[in-house]
Amino acid sequence: MKKLVFGLLFMVAACASASSTDTGNLTAEELYNQGYEQMQDTAWSRAAVSFEKVELEHPYSKWATKAKLMGAYAYYKDEKYDDAILSLDRFIRYHPGNKDIAYAYYMKGLCYYDQIVGSERDQEITQKANEAFEQVIVRFPDSAYAKDAKRKQVLIRDHLAGQEMEVGRFYLAQKNYLSALNRFTTVIKDYQTTPQIEEALYRQVEIYTILGLNKEAADALKVLARNYPKSRWYQKALGLSA
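Residues numbered from 1 in each chain as written. Predicted model: local features only at pLDDT ≥ 70, side-chain atom pairs only at ≥ 80, totals over all residues. Heavy atoms only, no water.

## Considerations on unusual backbone geometry
Consideration 1: A positive phi angle is found at Glu79, which is not glycine, with a value near 60°.
Consideration 2: Mapped onto the fold, Glu79 is located in the loop between helix H4 (62-77) and helix H5 (81-94).
Consideration 3: Positioned with a positive phi, Lys175 is a non-glycine residue whose angle comes to about 65°.
Consideration 4: By the secondary structure assignment, Lys175 is in the loop between helix H8 (144-173) and helix H9 (177-190). (Helix = DSSP H or I, 4+ residues; strand = E, 2+ residues; numbered from the N terminus.)

Okay, structure coming up:
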């Protein structure tokens with residue numbers, strides 16, 4: 001997918017090249033191609049500056065529109081994600097009918113996706129990545145970007161479920177049973193297709209048993225038995241009532 005994105009993006013590059021590094025008298029096309037050459041040399045930061053100059057010095061040229069995307073890609077490769085997102089938001093706002101609009105939405109998702117941290121830390125960025133990819137899937141369902149967004153959402157949802165489990169286990173260790181139960185219930189309701197679902201059901205049985213809510217514990221155990229009869233978490237749950 002990265003090769004596809006890179007190839008599609010660079011198809012808009014002009015054939016001519018700008019050999020000068022003095023941007024004072026360069027046309028929009030020359031500035032644009034200077035940025036393109038800098039990207040080929042992986043000089044991402046310099047390329048981003050060149051593309052920014054296209055927008056600032058030649059805002060009404062056809063190259064300014066292309067420069068927004070190229071600049072965003074350069075910032076992305078330079079791991080300056082906030083700058084990349086700003087460029088993408090400008091492109092999305094001012095060019096909603098552009099042929100590369102699906103790519104812009106997808107790249108915005110990548111900017112968040114590449115910043116995802118471990119499940120033990122705050123997951124605001126993970127949520128934003130999920131929302132950005134959802135926009136790609138809803139708006140451009142038949143695009144190659146939507147297919148990759150769906151694949152990445154599977155990993156994102158697994159990550160979000162893992163974070164809920166981390167917090168739930170923490171509350172459980174603190175004997176804050178209701179708060180823990182809320183976290184595990186969220187996994188069961190919102191992340192049913194993730195691997196964490198089996199442990200979440202077990203934790204429900206565990207907490208209900210601790211609280212003496214035998215009917216609720218039995219109901220949770222039935223769900224675990226019906227859906228995951230061979231799970232080690234089901235076997236552990238059986239031991240709770242032994």
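## Here we look at helix H6 (residues 101-113)
Consideration 1: End to end, H6 covers 19 Å across 13 residues, agreeing with the expected 18 Å (1.5 Å per residue, within 8%).
Consideration 2: Within H6, 13 of the 13 residues are buried, which leaves it mostly tucked inside the rest of the structure. (Expected span 1.5 Å × (residues − 1). Buried < 20%, exposed > 50% of the residue type's maximum accessible area, 1.4 Å probe, protein only.)

## Quick notes on the packing of aromatic side chains
The description of two aromatic rings rests on the distance between their centres and on the angle between their planes.
Consideration 1: Applying the stated rule across the entire model yields 12 aromatic pairs.
Consideration 2: A centroid spacing of 5.6 Å and a plane angle of 50° characterise the contact between Tyr105 and Phe140, whose relative ring orientation is tilted. Of this pair, Tyr105 sits in helix H6 while Phe140 is found in the loop between helix H7 (124-139) and H8, placing the two residues 35 residues apart along the sequence.
Consideration 3: Classification of Tyr105 by relative accessible area gives buried; the value is 13%.
Consideration 4: The exposure class assigned to Phe140 is buried, which follows from its relative accessible area of 19%.
Consideration 5: The interplanar angle of 70° and the centroid separation of 5.9 Å between the aromatic rings of Tyr113 and Phe133 together place this pair among those described as edge-to-face. Highlighted residues: Tyr113 in helix H6 and Phe133 in helix H7, separated in sequence by 20 residues. We note that Tyr113, like Phe133, is buried.
Consideration 6: Of the aromatic side chains, those joined through ring pairs into one cluster are Tyr103, Tyr106, Tyr113, Phe133 and Tyr145.
Consideration 7: Directly above the aromatic system of Trp63 lies the positively charged group of Lys66, at a separation of 4.6 Å from the ring centroid.
Consideration 8: The cationic tip of Lys152 hangs over the ring face of Tyr113; the distance from NZ or CZ to the ring centre is 5.4 Å. (Phe/Tyr/Trp six-rings, centres within 6.5 Å; stacked < 30°, edge-to-face > 60°. Lys NZ or Arg CZ within 6 Å of the ring centre and 35° of its normal.)

## Overview of the nonpolar core
General note: in soluble globular proteins, nonpolar side chains tend to be found buried as a group.
Consideration 1: Membership of the largest hydrophobic core comes to 73 residues, with the highest contact counts inside it found for Met39 and Tyr76.
Consideration 2: By residue number, the principal contributor to this core is H6, which donates 11 residues. (Core = buried A, V, L, I, M, F, W, Y, C linked by side-chain atoms within 4.5 Å.)

## Focus: a nonpolar patch on the surface
Consideration 1: A grouping of Leu178, Ile210, Leu211 and Leu213 is seen on the molecular surface, where their side chains present a nonpolar patch of about 340 Å² in accessible area.
Consideration 2: Structurally, Leu178 can be placed in helix H9.
Consideration 3: Assessed through its relative accessible area of 58%, Leu178 is described here as exposed. (Patch = residues over 30% accessible without salt bridge, like charges linked within 9 Å, V, L, I, M, F, W, Y side chains within 5 Å. Areas by Shrake-Rupley, 256 points an atom, 1.4 Å probe, with all protein chains shown as cover. Salt bridge = Lys/Arg side-chain N within 4 Å of Asp/Glu carboxyl O.)

## As for the confidence of the model for the protein chain
For any part of a model where pLDDT is low, the fine detail of the predicted coordinates should not be relied upon.
Consideration 1: Looking at the protein chain, pLDDT values average 88 and 88% of them are 70 or higher.
Consideration 2: Low pLDDT, under 50, characterises residues 10-21; the stretch is placed with 28 contacts to residues that sit more than four places away or in other chains. (pLDDT = per-residue confidence, 0-100. Contact = heavy atoms within 4.5 Å.)

## Focus: the pattern of salt bridges
Pairing is possible between side chains that carry opposite charge, provided their charged atoms lie close to one another.
Consideration 1: Counted according to the given criterion, the structure contains 14 salt bridges.
Consideration 2: As a salt-bridge pair, Lys80 and Asp78 come within 3.4 Å of each other at their nearest N and O atoms.
Consideration 3: Two residues, Lys108 and Asp89, come together in a salt bridge whose shortest N-O distance is 2.8 Å. With Lys108 in helix H6 and Asp89 in helix H5, this residue pair connects regions lying 19 residues apart in the sequence.
Consideration 4: Three or more residues joined by partner-sharing salt bridges are found here, namely Glu52, Glu55, Lys68 and Arg90.

## Structural notes on the packing of H8 against helix H10 (residues 197-210)
Consideration 1: Their axes nearest at 12 Å, the elements H8 and H10 cross at an angle of 20°. It follows that H8 is roughly parallel to H10 by the angle criterion. When the axes of H8 and H10 are compared, the crossing they make is left-handed. Taken together, the residues of H10 that come into contact with H8 (itself represented by Met165, Arg169 and Leu172) are Glu199, Ala200, Arg203, Glu206 and Ile207.
Consideration 2: Looking at side-chain class alone, the contact of H8 with H10 contains 4 nonpolar, no polar and 4 charged residues. (Axes fitted to C-alpha atoms, helices over the stretch in contact; angles between N-to-C directions. Parallel < 35°, antiparallel > 145°, perpendicular 65-115°, else oblique. Left-handed = near helix turned anticlockwise from the far one by under 90°. Nonpolar A, V, L, I, M, F, W, Y, C, P; charged D, E, K, R; others polar.)

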